[in-house]
Each structure stands twice: as structure tokens, then as C-alpha cells.
Amino acid sequence: MDLRIGQGIDFHKFEYGRKMIIGGVEFNSPFGLKGHSDADVLLHAITDAILGAIGEKDIGYHFPDTDNRFKNENSKVFLEKALNLSKEKGFEISNLDATILCEKTKINPLRDKIRENIASILQIEKERINIKATTTEKMGFIGRSEGIGAMAVVLLVRG
């Protein structure tokens, strides 16, 4: 059995006047995340986890912030590309475990919606996806409410 583990991590600063999108779900917030694309920190971490598991270069290589084609792009596009690359190499997703690090944005009210959205994108059952959130106990830039981070681990199985 060919199993592959990949991990991804991403961080984005807050920026007023932008939408707050996490896991493809829009949050009601006066600020969003700064980035070249829609800055979906969770989908970026998951994308990198899949790319890592299949031995590909990272999200910045595949979707550089110097390329205007990706300006304000929906991060779902990046995740779909990583999924397609994994399928081309004969892999399917066994499970995904992700953690969002933040102080201000409360994840729990939309956690199930995020799981459902990611399950739809990845074409797997939502029971194979776990989304958690934690704070940094007011430490660092996340603790000072300057931004958000996300970490993801994915297990792929060659089908």
C-alpha cells in the first residue's frame, strides 16, 4: 500500500476592506485577509499539504503572486489543481486534519459549513475532514490579532 503524508502551513495578515474567507466560506467581519488571491489561509495550507504529499513544488511555485492571472483568484482553483495533480499520480485523499490559528474570528459557528465546502471540493465525505481552531494565548502576531494562520495534514493513498 502506497501512503503519502503531506503537511501545509500558511499565514495572512488582516486587511480592512477585504472579505474574510476561510475554507471557502465567507465570514461576517469588518476585515479580511491580505493576499494576492482571495487569501484563504485554510485552502492554501490544504493545497500545500496535497502538493507536498505528491512531491510537487509549493503553492507559490504553481500560483505565483507575481502572476496577475491569480489576482483575487478564488483559492478553490488552487485546491482543485492540487487535487487533480494528485489524481493524475494515482492518489486519492484518505483524510485531512487542519487547524486554524486565530484570536478574533470565531471558527466554530461555520466549522461544519467549512467541512462541507472542503468535502465538496475534494470530492470526499465530510467525515474524512477535521477542522479545528485554536488561539495562541495572545502571543505573537496572531495573538495580537494581526492575522491568521492555518496548518493542514493530509493522508493520500494510491488507488
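For the structure, check the block above.
These remarks concern the structure in this document. (Residues numbered from 1 in each chain as written. Predicted model: local features only at pLDDT ≥ 70, side-chain atom pairs only at ≥ 80, totals over all residues. Heavy atoms only, no water.)

**Remarks on helix α3 (residues 76–88)**
Note the threshold: Secondary structure elements follow DSSP: runs of H or I of four or more residues count as helices, runs of E of two or more count as strands, with numbering from the N terminus. Working rule for helices: expected span equals 1.5 Å times residues minus one. Residue burial is assigned from relative accessible area. The probe radius is 1.4 Å, only protein chains are included, and a residue is buried under 20% of its type maximum, exposed over 50%, and partly exposed in between. This arc corresponds to the set of directions leading from the helix axis out to the C-beta atoms. In what follows, a contact means two residues having at least one pair of non-hydrogen atoms within 4.5 Å.
For α3, with 13 residues, the first-to-last C-alpha span of 18 Å sits near the 18 Å given by 1.5 Å per residue. Within α3 the residues assigned to the buried category are Phe 78, Leu 79, Ala 82, Leu 83, Leu 85 and Ser 86. End-on, the buried residues of α3 take up no more than an arc of 160°, which puts them together on one face. Turning to α3, the residues buried within the fold contact α1 (41–53), α2 (59–62), β5 (91–101), α4 (111–122) and β7 (147–158).

**Overview of the side chain of Asp 40**
Basically, it comes down to this: Working convention for charge: Lys and Arg count positive, Asp and Glu count negative, and His plus the chain ends are omitted. Any carboxyl oxygen of Asp or Glu that lies within 4 Å of a side-chain nitrogen of Lys or Arg is treated as forming a salt bridge with it. We call two N or O atoms a polar contact when they sit within 3.5 Å, provided that within protein one can donate a hydrogen and the other can accept it, with sequence-adjacent residues counted only if both atoms are side-chain atoms.
Within the secondary structure layout, Asp 40 lies in the loop between β4 (31–33) and α1. Comment: no salt bridge for buried Asp 40; closest opposite-charge side chain is Arg 18, at 10 Å. Reaching out from Asp 40, the side chain makes a polar contact with the backbone nitrogen of Gly 23 at a distance of 2.9 Å.

**Digging into the sheet that holds strand β6 (residues 129–134)**
Stated precisely, the cut-off is as follows: Each pair of strands is called paired provided DSSP finds at least two bridges between the two strands. Working convention: axes come from line fits to C-alpha atoms, limited for helices to the stretch in contact. Angles between N-to-C directions cover 0 to 180 degrees.
Here five strands make up an open sheet; going across it, the order is β4-β1-β7-β5-β6 and the pairing mixed. Two strands in the sheet have a free side with no partner beyond their single neighbour: β4 and β6. When strand polarity is set aside, the average angle formed by the axes of neighbouring strands in this sheet is 20°. Across six bridges, β5 lies against β6 in parallel orientation. Pairing of Asp 97 across the sheet is with Asn 130, part of β6. Strands β1 (3–16), β4, β5, β6 and β7 of the sheet are contacted by α1, whose axis makes an angle of about 155° with β1.

**Points about the layout of surface pockets**
The following threshold applies: Cavity and pocket criteria rest on a 1 Å grid covering protein atoms alone: a 1.4 Å probe that fits but cannot get out defines a cavity, protein on both sides within 12 Å along at least 5 of 7 lines defines an open pocket, and an atom within 4 Å of a point defines a lining residue. Grid points are joined across faces, edges and corners, and a volume is the space filled by probe spheres set on the points. The classification used treats Ala, Val, Leu, Ile, Met, Phe, Trp, Tyr, Cys and Pro as nonpolar, Asp, Glu, Lys and Arg as charged, and all other residues, Gly among them, as polar.
Computed from the structure, the largest pocket encloses a volume of approximately 230 Å³. Taken together, 14 residues form the lining of the largest pocket, with His 36, Ser 37, His 44, Phe 63 and Asp 65 sitting closest to its centre. Mapped onto the lining of the largest pocket, the elements with two or more residues apiece are β1 and α2. With three residues, the single largest contributor to the lining of the largest pocket is β1. Taken together, the residues of the lining of the largest pocket break down into six nonpolar, six polar and two charged.

**Section: unusual backbone geometry**
A positive phi angle is found at Ala 39, which is not glycine, with a value near 65°. Along the chain, the position of Ala 39 falls in the loop between β4 and α1.

**Points about the packing of α1 against α3**
Quick note on the threshold: Throughout this description, any angle smaller than 35 degrees is read as roughly parallel, any larger than 145 degrees as roughly antiparallel, any in the 65 to 115 degree range as roughly perpendicular, and the remainder as oblique. Left-handed describes a crossing in which the near helix is turned anticlockwise from the far one by less than a right angle; the clockwise case is right-handed.
Where α1 meets α3, the axes come as close as 9 Å, and the angle between the chain directions of the two elements is 15°. It follows from the interaxial angle that α1 and α3 lie roughly parallel. Here the hand of the crossing between α1 and α3 comes out left-handed. Residues Leu 43, His 44, Ile 46, Thr 47, Ile 50 and Leu 51 of α1 form the contact with α3, whose own contacting residues are Lys 76, Phe 78, Leu 79, Ala 82, Leu 83, Leu 85 and Ser 86. Within the contact of α1 with α3, the residues separate by chemical class into nine nonpolar, three polar and one charged.

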